[in-house]
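Below, each chain spelled out in residue letters.
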Amino acid sequence: MPLDTSADSPVPVRTVLQLVGGWISRLGRVWVEGQIAELAVRGGAVFLTLRDPVAAVSVRVICSRPVFDAAEPPPADGARVVILARPDFNANRGSFALTALEIRAVGVGELLARLERLRRRLAAEGLFSPERKRALPFLPGVIGLICGRDSAAQRDVQENAGRRWPAVRFRVEQTAVQGPYAVEEIIDALRRLDEDPEVDVIVIARGGGSLEDLLPFSDEALVRAVAACRTPVVSAIGHEQDTPLLDYVADLRASTPTDAAKRLVPDVAEQAALITQLRDRARR
């Protein structure tokens, strides 16, 4: 029931905090899924920051060393986990946390099954429909490039595109490309490039990696952000065999960052040869 209070009849802070703690305790034990963003061991306790797989929110998790040590494989920064936890509210400090009772790693098989369910749901909404795909410009004025910091993917795209068309220009946004902060940073970079009127096409590029490393590129929030873009988007993630959900929603899927460079700009030597052939025909 709501408190009966007024400006003339307030309640002390301790009463509000005690009531909040009571409401939270009614939740009981819950299984929570997330990605470990921070991990610190202090004496007999372990403190985690658990980030939501989609939204930019997180929660503090406290667990005992026996609970932490019982997890197999050992939890680490960036790992996807499910935790059986008891929600706790410290009325003295006014702070909320989850007390972990069990930690389980999310296995590869389970991840693949979840990604397939998400793929089917997004496909049913029409996000992957061929009718939504837009053609890339023949010769883009500026190419927006989202990639890791000082990454091989950035060098592959820029160097190969530069060899094909030396005058090509890039606007580069360097972000995290794996781990708990990748999705948020990539979406922010995507928004900035999409809002730039000079950018004609956007490439999201990263080299190969494990399924867990490439998870940000199958995140629902990123897929929806790409679907909402006004600028054509090229997905250049991993190797030929890697197929994150970004590949399905992008306007063009490149098998590698090097392949993306070949698809972004024409080859100046080929174009010069074509012009020469056309001129020779015209003279005849």
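Below, the structure is looked at part by part. Not measured: the values here are computed from a predicted model.

Rules used in this analysis
- Residues numbered from 1 in each chain as written.
- Predicted model: local features only at pLDDT ≥ 70, side-chain atom pairs only at ≥ 80, totals over all residues.
- Heavy atoms only, no water.
- Buried < 20%, exposed > 50% of the residue type's maximum accessible area, 1.4 Å probe, protein only.
- Helix = DSSP H or I, 4+ residues; strand = E, 2+ residues; numbered from the N terminus.
- Pairing = 2+ DSSP bridges.
- Expected span 1.5 Å × (residues − 1).
- Arc of directions from axis to C-beta.
- Contact = heavy atoms within 4.5 Å.
- Polar contact = N/O pair within 3.5 Å; in protein donor to acceptor, adjacent residues only side chain to side chain.
- Salt bridge = Lys/Arg side-chain N within 4 Å of Asp/Glu carboxyl O.
- Axes fitted to C-alpha atoms, helices over the stretch in contact; angles between N-to-C directions.
- Phe/Tyr/Trp six-rings, centres within 6.5 Å; stacked < 30°, edge-to-face > 60°.
- Lys NZ or Arg CZ within 6 Å of the ring centre and 35° of its normal.
- Core = buried A, V, L, I, M, F, W, Y, C linked by side-chain atoms within 4.5 Å.

Of all seven residues making up strand E6 (residues 142-148), seven are buried, and the element is well covered by its neighbours. Note: E6 against strand E8 (residues 199-206), five bridges, orientation parallel. The residue of E8 that forms the bridge with Ile143 is Val201. By the bridge criterion, six bridges tie E6 to strand E7 (residues 170-175) in an arrangement that is parallel. Across the sheet, Gly148 pairs through a bridge with Thr175, a residue of E7.

As a further point, take helix H5 (residues 182-195). The end-to-end C-alpha distance of H5, which contains 14 residues, comes to 20 Å, matching closely the 20 Å that a straight helix rising 1.5 Å per residue would cover. Within the sequence span of H5, burial applies to Ala182, Val183, Ile186, Ala189, Leu190, Leu193 and Asp194. Taken end-on, H5 shows its buried residues confined to a sector of 130°, consistent with a single buried face. Residues of H5 that are buried make contact with E6, E7, E8, helix H6 (220-227) and strand E9 (233-237).

Right, let's talk about the side chain of Asn160 for a bit. Considering the arrangement of structural elements, one finds Asn160 in helix H4 (residues 152-164). Taking relative accessible area as the criterion, Asn160 reaches 17% and is therefore assigned buried. Reaching out from Asn160, the side chain makes a polar contact with the backbone oxygen of Asp156 at a distance of 2.7 Å. The residues contacting Asn160, other than those within four sequence positions of it, are Arg155, Thr258 and Ala261.

On inspection of all chains with the given rule, the structure shows 22 salt bridges. Between Arg192 and Glu173 there is a salt bridge, with its nearest N and O atoms 2.9 Å apart. Linking Arg192 in helix H5 with Glu173 in strand E7, this pair joins segments that are 19 residues apart in sequence. Under the relative-accessibility criterion, Arg192 is labelled partly exposed at 38%. Among the residues examined, Glu173 registers a relative accessible area of 17% and is labelled buried. Among the ionic contacts, a cluster of salt bridges with common partners joins Glu33, Arg80, Glu110 and Arg114.

The five strands are arranged E7-E6-E8-E9-E10 in an open sheet whose pairing can be described as parallel. The open sheet has two edge strands with one neighbour each: E7 and strand E10 (252-253). Against the sheet, H4 engages E6, E7 and E8, with an angle of about 170° to E7.

This part covers the packing of aromatic side chains. For any pair of aromatic rings, the description consists of the separation of the ring centres together with the inter-plane angle of the planes. One pass over the full model with this rule turns up one aromatic pair. On the basis of an interplanar angle of 35° and a centroid distance of 5.4 Å, the ring pair of Phe128 and Tyr248 is categorised as tilted. Of this pair, Phe128 sits in the loop between helix H3 (108-124) and E6 while Tyr248 sits in helix H7 (residues 245-249); the two residues are 120 residues apart in sequence, bridging distant segments of the chain. Sitting over the face of the ring of Phe47, Arg42 holds its NZ or CZ atom 4.9 Å from the ring centroid.

Here the focus is the nonpolar core. Ranked by size, the top nonpolar core spans 29 residues in total, and within it Ile146, Leu190, Ile204, Phe217 and Val226 carry the most contacts. When residues of this core are traced back to their parent elements, those giving at least two are H3, E6, H5, E8, H6, E9 and H7. Formed by 18 residues, the second largest nonpolar core is a distinct cluster that contains Ala153, Val168, Val203 and Ala205.

Once that is clear, we can look at the sheet that holds strand E2 (residues 45-51). Strand order in this closed barrel of five strands is E1-E2-E3-E5-E4, and the pairing throughout is mixed. Between one strand axis and the next, the sheet turns through 50° on average, direction left out of account. Across six bridges, strand E1 (residues 30-42) lies against strand E4 (residues 80-90) in antiparallel orientation. By the bridge assignment, Val32 is partnered in E4 with Ile83. Docked against the sheet, helix H1 (residues 13-25) engages E4 and strand E5 (95-105), running at close to 145° with respect to E4.

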